[in-house]
Amino acid sequence: MNESLFRLVNERLEKRVADRGPDAPFEIVCECAREDCTLRIPILIAEYEAVRSEATKFVVVRGHADPAVERVVDSNDGYEIVEKLGEAALVAEVENPRDG
Amino acid sequence: MRLPSSRRSRILATARNRQPQRTDADPDPAGLLEIGAVARELGIAPSTLRTWERRYRVVVPQRGRRGQRLYDPEQVATLRRVLAQVRRGARASAAHELAVIPSPLDTASVRIQPSMQAPLKARQTVDGLLGELDDPRFAFYLRLVASELVKNAFLHGSSRHPIRMEAKLFHDAAELRVQNGGGRLTLRMLRRRRRDGGRGLDIVDALADAWSIDTGPLGTTITVRLSMAHSA
């Protein structure tokens, strides 16, 4: 699942700035399903951590959510937070890099 | 003391035989460089190259008709890696060990026209190189890095020159080299491009084991190495 792979990339991007504190901004890659989408999303470390605290949630550029496998649970000017549904949720949990 | 003319002629003839010939007048079609040219390119003394060759036997150039040392591009690249390690503070012996790269299992080399389709072509090239390799995460990272490098080359390089991408697959790693025409990159330009959207280098930095930029008046080359272990 590309979303999980982009999540791994974003974990590495966050690691590079982790020592800057929760209010520091950084940029992640859109965690949508399209492999050719590498649009960037400015986000605070604290906001990113809030999403990562739940394995089934991902950050995508507005309009990149796929209603077939996820629903939008929050949004702001820059991005939307989506929650995976059904089998996609199961895969997201299995591939959660923070699990164990 | 004046030597007899016959002996003086012999000595002069011997000296002429030992005298290196001018390489400018004798360009080598295989792209081989003599020791002076390599030393100038690397910014070190020819004697350092001879000492390294004698001590470490890692870069042993072939010899030309006149016995002169001739370095091929791969050997120059190895020396460049050695020198980079030495300048970071490594001992020369360790730098030589680190600089040795085994022969690739496979290589793909393409010229890509600068266009919106260029990143897709880069990903397809990586797919072709990896074939049946069963490591989806490594494959994803490699495609992503290739795509970002080529996108940057398209966005910021010359639109008149094709982008060249070379990808090498080793048994536990891959190396990508993306080259574009255009002017020299400066740190200031890199920072400005980061603001304007040319931001693939942070992804490269996050995913790669090592990467380097070689930039000059004719263009920019970025070389990236990703290992499968680092991707895991």
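Calculation notes
Residues numbered from 1 in each chain as written. Chains lettered and ligands numbered in written order. Predicted model: local features only at pLDDT ≥ 70, side-chain atom pairs only at ≥ 80, totals over all residues. Heavy atoms only, no water. 1 Å grid on protein atoms, 1.4 Å probe; cavity = no way out; pocket = protein on both sides within 12 Å on 5 of 7 lines; lining within 4 Å. Points joined across faces, edges and corners; volume = space filled by probe spheres on them. Nonpolar A, V, L, I, M, F, W, Y, C, P; charged D, E, K, R; others polar. Buried < 20%, exposed > 50% of the residue type's maximum accessible area, 1.4 Å probe, protein only. Helix = DSSP H or I, 4+ residues; strand = E, 2+ residues; numbered from the N terminus. Pairing = 2+ DSSP bridges. Arc of directions from axis to C-beta. Contact = heavy atoms within 4.5 Å. Phe/Tyr/Trp six-rings, centres within 6.5 Å; stacked < 30°, edge-to-face > 60°. Axes fitted to C-alpha atoms, helices over the stretch in contact; angles between N-to-C directions. pLDDT = per-residue confidence, 0-100. Buried area = accessible area lost by both parts, 1.4 Å probe. Salt bridge = Lys/Arg side-chain N within 4 Å of Asp/Glu carboxyl O.

**Quick notes on empty space enclosed by the protein**
Residues and elements named next belong to chain B. Taken as a whole and judged by the stated rule, the model has one cavity of 30 Å³ or more. Empty space within the largest cavity amounts to approximately 40 Å³. Contributing to the lining of the largest cavity are Leu49, Trp52, Glu53, Val59, Tyr71, Leu79 and His96. Each residue belonging to the lining of the largest cavity can be placed in one class, and the counts come to five nonpolar, one polar and one charged.

**Regarding the pairing of strand S5 (residues 163-169) of chain B**
Residues and elements named next belong to chain B. The buried fraction of S5 is high, at five of seven residues. As defined by bridge partners, strand S4 (residues 106-112) adjoins S5 across seven bridges and the pair is classed as antiparallel. Bridging from a neighbouring strand, Ser109 pairs with Glu166 of S5. Strand direction decides the pairing type here: S5 and strand S6 (residues 173-181), joined by six bridges, are antiparallel. Across the sheet, Glu166 pairs through a bridge with Arg177, a residue of S6.

**Describing helix H3 (residues 46-56) of chain B**
All names here are of chain B. Along H3, the positions that sit buried rather than exposed are Leu49, Trp52 and Glu53. Along the axis of H3, the buried positions cluster into a sector of 100°, meaning they face one direction only. Opposite its buried face, H3 presents the exposed residues Arg54 and Arg55, each directed more than 90 degrees away. Among the structural elements, helix H2 (35-42), strand S2 (62-63), strand S3 (69-71), helix H4 (73-87) and helix H5 (92-99) are those in contact with the buried residues of H3.

**Quick look at the packing of aromatic side chains**
For the structure on display, the rule yields three aromatic pairs over all chains. The interplanar angle of 80° and the centroid separation of 5.0 Å between the aromatic rings of Phe6 of chain A and Phe140 of chain B together place this pair among those described as edge-to-face. With Phe6 of chain A in helix H1 (residues 2-17) and Phe140 of chain B in helix H7 (residues 136-156), this residue pair bridges two chains. The pair Phe6 of chain A / Phe140 of chain B is uniform in exposure class, with both members buried. With centroids separated by 5.5 Å and ring planes inclined at 85°, the aromatic side chains of Phe26 of chain A and Tyr48 of chain A adopt a geometry described as edge-to-face. Of this pair, Phe26 of chain A sits in strand S1 (residues 25-29) while Tyr48 of chain A sits in helix H2 (residues 45-52), and the two are 22 residues apart along the sequence. With a relative accessible area of 0%, Tyr48 of chain A lands in the buried category. Here a set of aromatic residues connected by ring pairs shows up, and it is made of Phe6 of chain A together with Phe140 and Tyr141 of chain B.

**Here's the deal with the sheet that holds strand S4 (residues 70-75) of chain A**
Residue and element names in this part refer to chain A. Read across the open sheet, the three strands follow the order S3-S5-S4; overall the sheet is antiparallel. The sheet terminates laterally at strand S3 (57-61) and S4, the two strands that pair on one side only. Across the sheet, the mean angle separating the axes of adjacent strands is 40° when strand polarity is ignored. The pairing of S4 with strand S5 (residues 79-84) spans five bridges and is antiparallel.

**A few points about the confidence of the model for chain B**
Residues and elements named next belong to chain B. Here chain B averages 82 in pLDDT, and 82% of its residues register 70 or above. When mean pLDDT is compared element by element in chain B, H3 scores highest at 96, while helix H1 (residues 5-18) scores lowest at 39. Residue range residues 1-25 is modelled with pLDDT below 50. Its contacts to residues more than four positions away, or to other chains, number seven contacts. Model confidence for the complex: the whole-complex pTM is 0.69, and ipTM, which rates the interface, is 0.87.

**Details of the interface of chain A and chain B**
If you look at the interface, chain A gives 14 residues, while chain B gives 18 residues. Between chain A and chain B the total buried area reaches about 1,500 Å² when both faces are included, carbon and sulfur atoms providing 54% of it. By the criterion of area lost to chain B, the three top residues of chain A are Arg12, Glu35 and Arg40 of chain A, representing 38% of everything that side buries. In this assembly, chain A and chain B are joined by three salt bridges. In this structure, the salt-bridge partner of Asp205 of chain B is Arg16 of chain A, at a minimum N-O distance of 2.8 Å. Secondary structure elements with two or more residues in the side of chain A that touches chain B: H1 and S1 of chain A. The element best represented in the side of chain A that touches chain B is H1 of chain A, accounting for eight residues. Here the side of chain A that touches chain B is composed, by residue class, of six nonpolar, two polar and six charged.

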